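One-letter residues, chain by chain:
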Amino acid sequence: MANYLNFDIYDLQLTNLIGNSQLRQLLISTANWSILVVEDIDCSLELQDRRQPRMMNPDLARMMNIDRYPTTQGGCGACVVLLSKYNPVLDQVDDFTVSSCLTLLCSINGCSITTTEGIGNTRDGFHPIHERFSGFHASQCGFCTPGMCMSLFSALVNAEKIPPPEPPLGFSKLKVSKAEKAIVGNLCRYTGYHPMANACKSFGADVDMEDLGLNSFWRKGDSKDVKLSSLPSYKRNGDVCTFPQFLKNF
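Now for a quick tour of the structure. Keep in mind that this is a model prediction, so the values were computed, not measured.

Along the chain, the position of Ser-154 falls in helix α5 (residues 145–159). A relative accessible area of 7% places Ser-154 in the buried class.

Listed below in structure tokens is the structure:
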């Protein structure tokens, strides 16, 4: 294994496979462009693989243990991450969610992976998605929360590719109906889906603030302006880079 610069697990945002035709090297680039190169990759391994303790080197094993070990069969969505891939024909980046327990390492050559800690964490500050999930009481045990956050983040990212009209300040181009459907592939055993749907709907350009349920952002009877100002601020096309330009050269 060769370690270039510093690898910080809380910065993990991008994963890219390079090397020879057998894809024997894994290059991991992080949010602050630190790089770790891991050699001798078993290409049968998934992006998140339960066999990691005995089959992977410690650095790679740590990297893949960020999120949760759910069904490992793609049934619950708790391990969902955002995969971004450059399309050279259309000269555009396609962003979509994948279940990391079903995604083979050798299938993400030239791609970028963004996890829930890539969009926000305890060190750099949380993303508005995290804050709103918390404020709308949309998380109980928290097991499914990372996957739900990434499903919603993917919907927000792709909504920005929709042509105008522009949404009101602090909202996304996502419509409420689409926001609710963003988490249809994510299962929760405890909290119930109403608080989660409210957290998702709060990003919708056409949301009715009166439809949003119990939360810790405002009190009953507060005006619409107070409610709007109380929501954690969402900035469209924010600070999260899902696909850096240098990956287009690989």
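Moving on, there is more to tell.
Judged by pairing direction, the sheet is antiparallel, and its three strands sit side by side in the order β6-β5-β7 without closing on themselves. For this open sheet the edge positions go to β6 (92–99) and β7 (111–114), each flanked by a neighbour on one side alone. The sheet shows a mean angle of 25 degrees between the axes of neighbouring strands, direction not considered. The strands that α5 touches are β5 (80–87), β6 and β7; relative to β5, the one it contacts most, it runs at about 30 degrees.

Time to look at the nonpolar core. Counting residues in each nonpolar core, the largest one holds 35 residues, and the members touching the most others are Ile-129, Phe-133, Leu-152 and Met-196. Of all elements in the fold, only β5, α4 (128–135), α5, α6 (176–181) and α7 (193–201) reach the threshold of two or more residues within this core. Tallying contributions element by element places α5 first for this core, with nine residues. Non-local contacts of Phe-133, meaning those with residues more than four positions away in its chain, are made with Ala-138, Ser-139, Thr-145, Met-148, Cys-149, Leu-152, Met-196, Ala-199 and Cys-200. Ranked by size, the runner-up nonpolar core spans seven residues in total, among them Val-81, Val-98, Cys-111 and Ile-113.

Before going further, it helps to spend a moment on the side chain of Asp-95. Structurally, Asp-95 is set in strand β6. Of the polar contacts made by the side chain of Asp-95, one reaches the side chain of Ser-84; its length is 2.5 Å. A polar contact of 3.4 Å, which involves the side chain of Asp-95, links it to the side chain of Thr-242. The residues contacting Asp-95, other than those within four sequence positions of it, are Leu-82, Leu-83, Ser-84, Ser-154, Val-157, Asn-158, Lys-161 and Thr-242.

The rules behind each value
- Residues numbered from 1 in each chain as written.
- Predicted model: local features only at pLDDT ≥ 70, side-chain atom pairs only at ≥ 80, totals over all residues.
- Heavy atoms only, no water.
- Helix = DSSP H or I, 4+ residues; strand = E, 2+ residues; numbered from the N terminus.
- Buried < 20%, exposed > 50% of the residue type's maximum accessible area, 1.4 Å probe, protein only.
- Pairing = 2+ DSSP bridges.
- Axes fitted to C-alpha atoms, helices over the stretch in contact; angles between N-to-C directions.
- Contact = heavy atoms within 4.5 Å.
- Core = buried A, V, L, I, M, F, W, Y, C linked by side-chain atoms within 4.5 Å.
- Polar contact = N/O pair within 3.5 Å; in protein donor to acceptor, adjacent residues only side chain to side chain.

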